[in-house]
Amino acid sequence: MGVPHRSNRSEQQSRGWSRRGLLGVLGAVPAAAVLTGCGGGSADASQGATAAASARAATKKAVIAVTPADGTRKADFTSPVEVTVTDGTLSSVQVTGNDGATLPGTLDESRTRWTSAENPYSGTKYQVTVEAEGGAAETATFTTKSPGETFVGYFTPEANSTSGVGMPVSINFTHAVTDKAAVEKAITVTAEPAVEVVGHWFGDTRLDFRPETYWAAGTTITLGLRLKDVEGTDGVYGIQSKDVTFHIGREQISTVDLATKQMTVRRDGAITATYPVTGGDADHTTWSGIMVISERFRQTRMESSTVGLGDEYDIADVPHAQRLTTSGTFVHGNYWASTSVFGSENTSHGCVGLHDAKGANDSSVDGYRFYESSMLGDVVIVKNSGEDTVDPANGLNGWNLSWQDWKAGSAL
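A.B. asks: I tried to follow the nonpolar core on my own but got confused; where do I start?
C.D. replies: Considering soluble globular proteins, one finds that nonpolar side chains tend to be buried as a cluster. Judged by nonpolar contacts, the single largest core of 32 residues is most densely connected at Phe-173, Val-183, Ile-187, Val-189, Phe-209, Leu-223 and Leu-227. For this core, the secondary-structure elements that each account for two or more residues are β12 (169-173), β13 (187-192), β15 (206-210), β16 (220-226), β19 (241-248) and β23 (289-292). Beyond its immediate stretch of four places on either side in the chain, Phe-209 contacts Pro-168, Val-169, Ile-171, Glu-184, Ile-187, Val-189, Val-197, Val-198, Gly-199, Trp-215 and Trp-406. Among the nonpolar cores identified, the runner-up in size contains 18 residues, and Val-83, Val-93, Ala-140 and Phe-142 belong to it.

A.B. asks: Please clarify how the sheet that holds strand β1 (residues 63-67) should be interpreted in this entry.
C.D. replies: Whenever strands of a sheet pair, they do so through backbone hydrogen bonds, lying parallel or antiparallel. Here we have four strands laid out as an open sheet, ordered β1-β2-β6-β5, and antiparallel in their pairing. Both outer strands of the open sheet, β1 and β5 (105-107), are each paired with one neighbouring strand and no more. Ignoring which end each strand starts from, the neighbouring axes of this sheet average 15° apart. The pairing of strand β2 (residues 82-86) with strand β6 (residues 113-116) spans three bridges and is classified as antiparallel. Residue pairing for β6: Thr-84 is matched across the bridge by Arg-113.

A.B. asks: Even after reading the chapter, I still don't get the packing of aromatic side chains, so can you show me in this structure?
C.D. replies: As enumerated under the stated definition, the model contains nine aromatic pairs in all. On the numbers, 6.2 Å between centres and 55° between planes, the contact of Phe-155 with Phe-246 is tilted. Pair noted here: Phe-155 is in strand β10 (residues 153-156) and Phe-246 is in strand β19, with a separation of 91 residues, a long-range link. Since its relative accessible area comes to 1%, Phe-246 is described here as buried. Clustering of aromatic rings is evident, with ring pairs tying together Phe-151, Phe-173 and Trp-201. Positioned above the aromatic ring of Trp-406, the side-chain terminus of Arg-210 is 4.8 Å from the ring centre. Positioned above the aromatic ring of Tyr-371, the side-chain terminus of Arg-296 is 4.0 Å from the ring centre.

A.B. asks: Would you explain helix α6 (residues 366-373) in this entry?
C.D. replies: An α-helical turn contains 3.6 residues, so a residue and the one three or four places further along point in the same direction. Taken as a whole, α6 has its buried residues at Asp-366, Gly-367, Phe-370, Tyr-371 and Ser-373. The buried residues of α6 occupy an angular sector of 165° when the element is viewed end-on, so they sit on one face.

A.B. asks: Sorry, what's going on with the pattern of salt bridges here?
C.D. replies: Once the charged atoms of two side chains with opposite charge are near each other, the side chains can pair. In the structure shown here, the tally under the stated rule is 12 salt bridges. When the shortest N-O distance is used, the salt bridge between Glu-295 and Arg-323 registers 2.6 Å. Highlighted residues: Glu-295 in strand β24 (residues 295-303) and Arg-323 in strand β25 (residues 314-323), separated in sequence by 28 residues. Classification of Glu-295 as partly exposed rests on a relative accessible area of 32%. Arg-323 gets classed as buried once you look at its relative accessible area, which sits at 19%. Among the salt bridges present, the one from Arg-298 reaches Glu-372, with a minimum N-O distance of 2.8 Å. Placement of Arg-298 in strand β24 and of Glu-372 in helix α6 is noted, with a sequence separation of 74 residues between them.

A.B. asks: Is there a simple way to explain unusual backbone geometry in this structure?
C.D. replies: Peptide bonds are trans in most cases, and residues, glycine excluded, mostly fall at negative phi. In the segment running from Thr-67 into Pro-68, the intervening peptide bond is cis, with an omega of 5°. Along the chain, Pro-68 falls in the loop between β1 and β2. One non-glycine residue with positive phi stands out, namely Lys-261, at about 60°. Note on placement: Lys-261 falls in the loop between β20 (252-257) and β21 (262-267). Residue Lys-261 is classed as buried on the basis of its relative accessible area of 17%.

A.B. asks: Can you walk me through the pairing of strand β14 (residues 198-201) in this structure?
C.D. replies: Here β14 shows a buried face lined by Val-198 and His-200 and a second buried face lined by Gly-199 and Trp-201. Joining the antiparallel neighbours β14 and β15 is a turn of four residues, in which Gly-203 adopts a positive phi near 75°.

A.B. asks: It is not clear to me how the sheet that holds strand β7 (residues 125-132) should be interpreted in this structure. Could you clarify?
C.D. replies: Read across the open sheet, the four strands follow the order β4-β3-β7-β8; overall the sheet is antiparallel. Across the chains shown, the open sheet's two edge strands, defined by having one partner strand only, are β4 (102-103) and β8 (138-143). The pairing of strand β3 (residues 90-97) with β4 spans two bridges and is classified as antiparallel. Across the sheet, the residue bridging to Thr-96 is Thr-102, located in β4.

Here is what the cut-offs are and how they apply
- Residues numbered from 1 in each chain as written.
- Predicted model: local features only at pLDDT ≥ 70, side-chain atom pairs only at ≥ 80, totals over all residues.
- Heavy atoms only, no water.
- Core = buried A, V, L, I, M, F, W, Y, C linked by side-chain atoms within 4.5 Å.
- Buried < 20%, exposed > 50% of the residue type's maximum accessible area, 1.4 Å probe, protein only.
- Helix = DSSP H or I, 4+ residues; strand = E, 2+ residues; numbered from the N terminus.
- Contact = heavy atoms within 4.5 Å.
- Pairing = 2+ DSSP bridges.
- Axes fitted to C-alpha atoms, helices over the stretch in contact; angles between N-to-C directions.
- Phe/Tyr/Trp six-rings, centres within 6.5 Å; stacked < 30°, edge-to-face > 60°.
- Lys NZ or Arg CZ within 6 Å of the ring centre and 35° of its normal.
- Arc of directions from axis to C-beta.
- Salt bridge = Lys/Arg side-chain N within 4 Å of Asp/Glu carboxyl O.

Limitation: the analysis is restricted to geometry and does not speak to function.
What follows is the structure in structure tokens.
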């Protein structure tokens, strides 16, 4: 079979194109394409790359992260809540507990990190709602763990009560406190009219607050307890968060002079009564110093065994008894002693006695009248008793400390 013959003419023509002919062909390419291929077009290339990068960045979705993480069931409550964003900026963050309360917080300068100003509460479920600029709202939830061991503070006086001018705000804790500064910082006591109020620790379980001098008559006192989740000692946390208001009534200060066996009662600076009394005998002297009425009983039983005096007495119906010390000092009515004792002899086992009647119903006797004129928080000052000044922690009797010594007992 023969092979088809191909002419060499066309190949020769192809190899033989002139330079002019080639340039003529290139000349037909658009000018823009030529510029693109030369060094003078690099600026346009850079701009194009930047625009492309911006377009790619604009299509990136902001990534939001919440700490504690979404779905956490036993989150730590001793650290703040934190929200961060990458590839974007934060426009709003809201953290709401199942009690309806919200956690305040702040954004950093770049608006990429939000941190709560307070720690979340223990045993609380929270919802975090976050929006990044240009994006839809996203939510996360977490629940904080409950503390293993807790403490509370029992306070005196009672909420909404009215007391005398000597009444301190006294808080007794159910667990010994080692971080006294943290606990004291979480408690505020404010007064209207305003006055400086300072705390003083009596041991590890009691914290009292008072001003330099007695409260002014008519003062309103507000106790703020922000103990919830405050670590009082290792692993033991407070659970209270509340405000309590107390009131101060009129000023009544009674002075017992056991040298003269007389008690002088002053109401708002004016003498309103003078009563003959009997105090502790030479073997059972009465504490001296400033004392505050902390309990009141129209009638109560008094047993010597409860104050370390064996079986010397047991009286089932002591009338008009008002406690001055934890150790057992009272000012009370006395119906069993001769009326001649009052104002002339000190014959008691350490209490201050006024003439009274059995049954506590005779309004004509001194014990009845003094009781009716008194209230919790009234001041009773005992002098010339032959005894040392009462320990400030023995009852609500911190007034026996100087202001300097009182302030030295603060942890702050």
